[in-house]
Amino acid sequence: MFVVEGKKTVNELLASKIRTYKVFSTDENYKKEIGGICDLISVKELSQISSLKNPSSVLGVFYIPEPSKIDKEDWVVVLDDVRDPGNLGTIIRLCDWFGIKNLICSATTVDCYNPKVLQATMGSITRVNITYMDISSFLRECNIPVYGTFMNGEVVYTQTLPKKGVLVMGNEANGISKNIENSCTNKIAIPQFGTSTTESLNVATATSILLNEIRRSSF
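Note that the structure is a prediction, hence the values are computed from the model and not measured.

## Focus on helix H1 (residues 7-14)
- Of the positions making up H1, those classed as buried are Thr-9, Val-10 and Leu-13. Taken down its axis, H1 places every buried residue within 100° of arc, on the same side.
- Buried residues belonging to H1 abut strand E1 (2-5), strand E2 (20-25), helix H2 (28-34) and strand E4 (58-62).

## Things to note about the sheet that holds strand E8 (residues 146-155)
- The strand order E7-E6-E5-E9-E8-E10 describes an open sheet built from 6 strands, whose pairing is parallel. The sheet is open, and its two borders are formed by strand E7 (129-132) and strand E10 (186-189), each paired with just one other strand. Across the sheet, the mean angle separating the axes of adjacent strands is 35° when strand polarity is ignored.
- As paired elements, strand E5 (residues 76-79) and strand E6 (residues 102-105) share 4 bridges and run parallel to each other.

## Comments concerning the environment of Asn-171
- Checked against the element boundaries, Asn-171 lands in the loop between strand E9 (166-169) and helix H7 (178-181).
- Through-space distance from the C-alpha of Asn-171 to that of Thr-109 is 8.6 Å; in sequence the pair is 62 residues apart.
- In this structure, Asn-171 is in contact with Asp-80, Asp-81, Arg-83 and Ile-176, ignoring residues within four places of it in sequence.
- Here Asp-81 takes part through its backbone oxygen, which lies 2.8 Å from a polar atom of the side chain of Asn-171.
- Separated by 2.9 Å, the side chain of Asn-171 and the backbone nitrogen of Asn-174 make a polar contact.

Basis of the calculations
- Residues numbered from 1 in each chain as written.
- Predicted model: local features only at pLDDT ≥ 70, side-chain atom pairs only at ≥ 80, totals over all residues.
- Heavy atoms only, no water.
- Buried < 20%, exposed > 50% of the residue type's maximum accessible area, 1.4 Å probe, protein only.
- Helix = DSSP H or I, 4+ residues; strand = E, 2+ residues; numbered from the N terminus.
- Arc of directions from axis to C-beta.
- Contact = heavy atoms within 4.5 Å.
- Pairing = 2+ DSSP bridges.
- Axes fitted to C-alpha atoms, helices over the stretch in contact; angles between N-to-C directions.
- Polar contact = N/O pair within 3.5 Å; in protein donor to acceptor, adjacent residues only side chain to side chain.

This is the structure:
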């Protein structure tokens, strides 16, 4: 199971297909609103079970869903060792915004049910199919173009992007690992217009630019 805090995110999960174990709240009106699945608790009790310094009035416990089959008829995002919870949470939200249904994470990528990741998703985790697996095996067998992001790649704005493919995003400090690089059929990059003192783009920011290009190409 996993824990979610905040009324908005808990409500998103309650409205999804993800099974609920229990909701806890200090708000009597909220308990009346959602019924018997909610237990009314004190502010002190909520502070004892919350991971936040300033807890919200609502905390939910949900069952981790089984991943669905990966649909390769559209774009799939693959994360190679993304470690920062905020980055993963933002990338999940981006997948939701751009209609990317499947996100595949390496075993070393941060847990998508980490409380900080869940906070950053703002409920988008309910609409993205997230699968942890051996990404090298997936890339070898996927049979669709694999686009990896590299500093020395081809400028993405000059590329004709296909209707379906895989976008691989790498680790915040080291980029895409060597063994995954070998599975990338295309190397792309976001060109730098500023001074060379800026080392690289944040991985979530880069993902937003590339997903925008992918969807713009389909217009």
